[in-house]
Amino acid sequence: MTSVSAQYYDGNNTRRHAVTLTFAQGWLQVRGEEISRDESLNTASISEKLGSAPRLIHFNDGAHCEISDHASLETLLTEAGHQPLSLVSRMESHWRVALASLLLLLAGAVAAYLWGLPRVAELAAQRIPYSTAHQIDEQALQTFDHGLMQPSKLPITRQQQLQQEFEKLRRGYSLPEYPLQFRASPEIGANAFALPGGTIVITDEIILLAKSDEEILAVLAHELGHVSERHALRNLLQGSIVALALTWYVGDISNLLATAPTLLLQARYTRNFERSADAFAAHMLQAKGMDAAKLATLLDRLETSHRGKNRKGSKLDEWLELLSSHPATEERVKNIRQIKPE
Amino acid sequence: MHTEGLNIRFTGKGGEYFRIWIVNLLLTVLTLGIYSAWAKVRRMQYFHRNTWLNESNFDYHGTPIAILKGRLIAIGMFAAYNVMINFKPLIGLAILLVIAIVMPFLLVKSFRFRLYNTSYRGLRFGFTGSFKGAYLNFLLLPVASLFTLYLLAPFTHRQIKAYQHNNSRFGQTAFSFDAGAGQFYLIYFLTFLWFLLAGALLGVGAYFIFNHAIVEAAQENNRQMFMYIGIGVYLLFIIAMLLLVPYFTSRIQNLVWNNTRLGMHEFESNLGAMKLFWISISNFLLIIFTLGLFKPFADVRMARYRLQSIRMMPAGDMDTFLAASKQDDGAMGSETAEMFDIDIAL
Ligand SMILES: [Zn+2]
């Protein structure tokens, strides 16, 4: 018969009594110099084991015992026909279980990031109307206009002409009807991009780089592909969810830093987004009787012009370039050229 | 009689707590967050039961359901505010106002919950602060301090600590608090001086480090370069905050505990700013580099240092504290039915 040494407190004052616990004739017997009580283990509440912290047995009248001798207590509980350790306590006491939990959590996090997150963002994006997301565009444009971009230097007539061709291209598709935004931006260079709410911004630089209007329309068709599939909004949602998760995970003072990594994580569209925007553009251009290969031609030229620019870029730029999930232009050009008319 | 005082001991171990933490994190994820209330009880129990004073440990009695209730209330308020402020800003602001108005009420409930669910040698702690006092100290004074450009902030801080400690009890025995507002003003003033000094040093440092880069950036009108400089200054600012926060925290903890009594028994706290700084910065870096896995070790390390820097200076027998009578018990917050805990740290 096991006896366990314990500290006893009666719940009325802070006096400590040294006692021994034994289990006999169906009762937990608490015996000390001034203490003698028999308790049923079924009505007493036995705390779960938490590491090597003392365990407590509380009795109904507010008295309790503190036990630090874990091995003896477990033996006593087994003798009394009680499960000495709860399932969670047993899990917590093994390094193997801890390691398995860690691996499961990591696998879960990776799976959530790779599959769960894009799916959730897609579903959420479908439920946000263009008009709601359009507020983001207006704010973004305001920010851009405070330095990163300047008003377009193209003649008004040229802008109006492109605007009309853009509207013709878009006609017949259920796409938001925001006007094309012309901007000059030596910093961004030749580029066109879709904002989360469906606004498309095009730089003077890419218009000047293009050899024909068809090439410009090809790029715009590609951007309409991003708009149609809400790629920018989905990226934004994904980034926000990651930022939120990181803030929660890192917590406390370090949440100041938590937003920085998301800038890197959501730097560019994924290859999938680019590929599907290309496919959308190819079909749109074919439907309007235009040449889809023009998109490939301009992409080729963009690639060459970017390479020339990057050569004088800083080391940091190159490093950032490595981190970004920039799709390989060559592969995209090949894919576009393969898209056959239906 | 004891003359050296009784040190608080903390016996939690990083590796042991890591296992508890990771298993409970997994269970929390698997139950979509619901288990987090059970995990919190386990965490609180682990830390309380490993805290020792005079060879006896503390205990925590909060129930997961009460914690779950409090979390639902908090999440509900947070979500209502965040959704509304984006779509109907006026309603969002109204919700914020309602939150501000009910906050002192919730705080009192939460203090009662936390203290009543803490025990030592079988006696419960308790909180007897009035709602009136809570509205004065958690709503009126902070608003007044806002309108006086925070000149009232140290006074408010003192009043809040006085309200909390003067209304706390261990069994029948009341805590008392007698630090003056002047001592709080001194700590705030010194922290502010350190802030100015750190700011000046940072400014000079940033000037020397980034001078070349700023000139270059200005010449080339290089936005990206400006952005990197911005990030650099931001990091320096965080380092300064990492220095100042431990200084402030340690001075306040020492002031508060050196002026708190339990009946006739006194306390002594000698938390060192440098030691606290070292622990917080190394914890911070290790948490970042281990992608958060160091968190449980960091928690144990911080709890050990903060708890072990407090001593109790008994003025008499430690065995004679009495439990509150049944009548007082109700006032102290044992009305379990309506209890819930709100995770607000003050
Ligand atoms: Zn694209």
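Fair warning: this is a prediction, and the values are worked out from it, not measured in the lab.

Section: the overall build of chain A
Helix and strand counts for chain A stand at 13 helices and 11 strands. Here chain A, with 342 residues, has 45% of them falling under the buried criterion. Taken as a whole, chain A presents about 18,000 Å² of accessible surface, with 57% of it coming from carbon and sulfur.

Considerations on the sheet that holds strand β5 (residues 45-46) of chain A
Residue and element names in this part refer to chain A. Spatial strand order, β4-β3-β2-β1-β7-β6-β5: seven strands in an open sheet with antiparallel pairing. Both outer strands of the open sheet, β4 (36-39) and β5, are each paired with one neighbouring strand and no more. Judged from the six bridges that link them, strand β2 (residues 17-24) and strand β3 (residues 27-32) form a sheet pairing that is antiparallel. Its bridge partner being in β3, Thr 20 is matched across the sheet by Arg 31. Against the sheet, helix α1 (residues 70-79) touches β1 (3-9), β2, β3, β5, β6 (55-58) and β7 (64-67), its axis set at about 45 degrees to β6.

A closer look at the coordination of the zinc ion
Residues and elements named next belong to chain A. Every protein donor of the zinc ion is listed here as His 222 (NE2), His 226 (NE2) and Glu 274 (OE), and their distances to the metal cover 2.1 to 2.2 Å. Linear spacing of the donor residues for the zinc ion on their chain is H-x3-H-x47-E. Within this pair, whereas His 222 is found in helix α7 (residues 213-228), its partner Glu 274 is found in helix α10 (residues 271-287), the two being separated by 52 residues in sequence.

Digging into the interface of chain B and chain A
Taken together, the 52 residues of chain B in the interface contact 48 residues of chain A. Between chain B and chain A, roughly 4,100 Å² of surface is buried when both sides are summed, and carbon and sulfur atoms account for 64% of that area. The largest share of the area that chain B buries against chain A comes from Arg 19, Arg 42 and Arg 121 of chain B, three residues that together contribute 16% of it. Seen at the junction of chain B and chain A, the total is two salt bridges. Here Glu 48 of chain A ties to Arg 42 of chain B by a salt bridge, and the two come within 2.5 Å at their closest N and O atoms. Linking chain B with chain A are 14 residue pairs in polar contact (both at pLDDT 80 or more). Breaking the side of chain B that touches chain A down by element, the ones donating at least two residues are α1 (14-30), α2 (36-49), β3 (56-60), α8 (223-258) and α9 (273-289) of chain B. Among the elements that line the side of chain B that touches chain A, the one with the most residues is α1 of chain B, at 12 residues. Of the residues that constitute the side of chain B that touches chain A, the class distribution is 28 nonpolar, 13 polar and 11 charged.

Here we look at empty space enclosed by the protein
One way to see where empty space is left: roll a probe the size of a water molecule over the atoms. Throughout the structure, instances matching the rule amount to three cavities of 30 Å³ or more. By volume, the largest cavity amounts to about 60 Å³. What lines the largest cavity is simply Lys 49, Leu 50, Gly 51, Ser 89, Glu 92 and Ser 93 of chain A together with Glu 16, Arg 19 and Ile 20 of chain B. Among the secondary structure elements, those contributing two or more residues to the lining of the largest cavity are α2 (87-92) of chain A together with α1 of chain B. A per-element tally of the lining of the largest cavity places α1 of chain B first, with three residues. Taken together, the residues of the lining of the largest cavity break down into two nonpolar, three polar and four charged.

Some details on the side chain of Ser 47 of chain A
Position of Ser 47 of chain A relative to the elements: it lies in the loop between β5 and β6. Within the structure, Ser 47 of chain A has its side chain in polar contact with the side chain of Arg 49 of chain B (distance 3.4 Å). With residues near it in sequence (within four places) discarded, Ser 47 of chain A still touches Arg 55 and Leu 56 of chain A together with Arg 49 of chain B.

Things to note about the side chain of Ser 168 of chain B
Residue and element names in this part refer to chain B. With respect to the helices, strands and loops of the structure, Ser 168 is situated in strand β6 (residues 168-170). The class of Ser 168 is buried, set by a relative accessible area of 10%. Within the structure, the side chain of Ser 168 is placed 2.7 Å from the backbone oxygen of Gln 164, a separation counted as a polar contact.

Re the environment of Arg 55 of chain A
All names here are of chain A. Mapping Arg 55 onto the fold places it in strand β6. Taking the relative accessible area as the measure of exposure, Arg 55 reaches 4% and is therefore buried. As a C-alpha pair, Arg 55 and Ile 67 span 12 residues in sequence and 5.2 Å in three-dimensional space. One polar contact links the side chain of Arg 55 to the main-chain carbonyl oxygen of Pro 84, over a distance of 3.0 Å.

Section: the confidence of the model for chain B
When pLDDT is low, close inspection of the predicted coordinates is not appropriate. All names here are of chain B. Looking at chain B, pLDDT values average 83 and 87% of them are 70 or higher. Low pLDDT, under 50, characterises residues 330-339; the predicted model gives this stretch 26 contacts beyond four residues in sequence or across chains. We note a pTM of 0.76 for the whole complex and an ipTM of 0.79 for its interfaces.

Remarks on the pattern of salt bridges
Tallied over the full model, the rule gives 16 salt bridges over all chains. When the shortest N-O distance is used, the salt bridge between Glu 122 of chain A and Arg 119 of chain A registers 3.1 Å. Placement of the pair is Glu 122 of chain A and Arg 119 of chain A together in helix α3 (residues 95-127), with a separation of three residues, close to one helical turn. With its nearest N and O atoms 3.2 Å apart, the salt bridge here joins Asp 299 of chain B to Lys 295 of chain B. One end of the pair, Asp 299 of chain B, and the other, Lys 295 of chain B, are both in helix α10 (residues 295-308), four residues apart, so they sit about a helical turn from each other. The partly exposed category is assigned to Asp 299 of chain B, whose relative accessible area is 23%. Given a relative accessible area of 22%, Lys 295 of chain B falls into the partly exposed group. One continuous salt-bridge network, built from bridges that share partners, spans Arg 37, Glu 39 and Asp 61 of chain A.

Focus on the packing of α7 of chain A against α10 of chain A
All names here are of chain A. In contact at an axis separation of 7 Å, α7 and α10 are set at 120 degrees when each is read in the N-to-C sense. With respect to α10, the axis of α7 lies oblique. Regarding α7 and α10, the two cross each other, and that crossing is right-handed. In contact with Leu 217, Ala 218, Ala 221, His 222, Leu 224, Gly 225, His 226 and Ser 228 of α7, α10 contributes Phe 273, Glu 274, Ala 277, Asp 278, Phe 280, Ala 281, Met 284 and Leu 285.

Description of the packing of aromatic side chains
With the rule as written, the count across this model stands at 27 aromatic pairs over all chains. With 6.3 Å between their ring centres and 20 degrees between their planes, Phe 125 of chain B and Phe 175 of chain B make a pair best called stacked. With a gap of 50 residues between them, Phe 125 of chain B in strand β5 (residues 123-127) and Phe 175 of chain B in strand β7 (residues 173-177) connect regions that are remote in the sequence. Exposure class is identical for Phe 125 of chain B and Phe 175 of chain B. Each is buried. A connected cluster of aromatic rings, assembled from ring pairs, spans Phe 58, Tyr 120, Phe 125, Phe 170, Phe 175, Trp 257, Phe 267 and Phe 321 of chain B. When the ring centre of Tyr 130 of chain A is taken as reference, the NZ or CZ atom of Arg 230 of chain A above it lies at 4.0 Å. The positively charged end of Arg 124 of chain B is found above the aromatic ring belonging to Tyr 116 of chain B, 4.7 Å away from the centroid.

Observations regarding the environment of Asn 270 of chain B
All names here are of chain B. Following the sequence through the fold, Asn 270 ends up in the loop between β9 (265-269) and α9. Sequence separation between Asn 270 and Asn 258 is 12 residues, and the spatial gap between their C-alpha atoms is 8.7 Å. If sequence neighbours within four positions are ignored, Asn 270 has contacts with Asn 254, Tyr 305 and Ser 309.

About the thresholds
Residues numbered from 1 in each chain as written. Chains lettered and ligands numbered in written order. Predicted model: local features only at pLDDT ≥ 70, side-chain atom pairs only at ≥ 80, totals over all residues. Heavy atoms only, no water. Helix = DSSP H or I, 4+ residues; strand = E, 2+ residues; numbered from the N terminus. Buried < 20%, exposed > 50% of the residue type's maximum accessible area, 1.4 Å probe, protein only. Areas by Shrake-Rupley, 256 points an atom, 1.4 Å probe, with all protein chains shown as cover. Pairing = 2+ DSSP bridges. Contact = heavy atoms within 4.5 Å. Axes fitted to C-alpha atoms, helices over the stretch in contact; angles between N-to-C directions. Donors = N, O, S within 2.8 Å, 3.2 Å for Na, K, Ca; no water. Buried area = accessible area lost by both parts, 1.4 Å probe. Salt bridge = Lys/Arg side-chain N within 4 Å of Asp/Glu carboxyl O. Polar contact = N/O pair within 3.5 Å; in protein donor to acceptor, adjacent residues only side chain to side chain. Nonpolar A, V, L, I, M, F, W, Y, C, P; charged D, E, K, R; others polar. 1 Å grid on protein atoms, 1.4 Å probe; cavity = no way out; pocket = protein on both sides within 12 Å on 5 of 7 lines; lining within 4 Å. Points joined across faces, edges and corners; volume = space filled by probe spheres on them. pLDDT = per-residue confidence, 0-100. Parallel < 35°, antiparallel > 145°, perpendicular 65-115°, else oblique. Left-handed = near helix turned anticlockwise from the far one by under 90°. Phe/Tyr/Trp six-rings, centres within 6.5 Å; stacked < 30°, edge-to-face > 60°. Lys NZ or Arg CZ within 6 Å of the ring centre and 35° of its normal.

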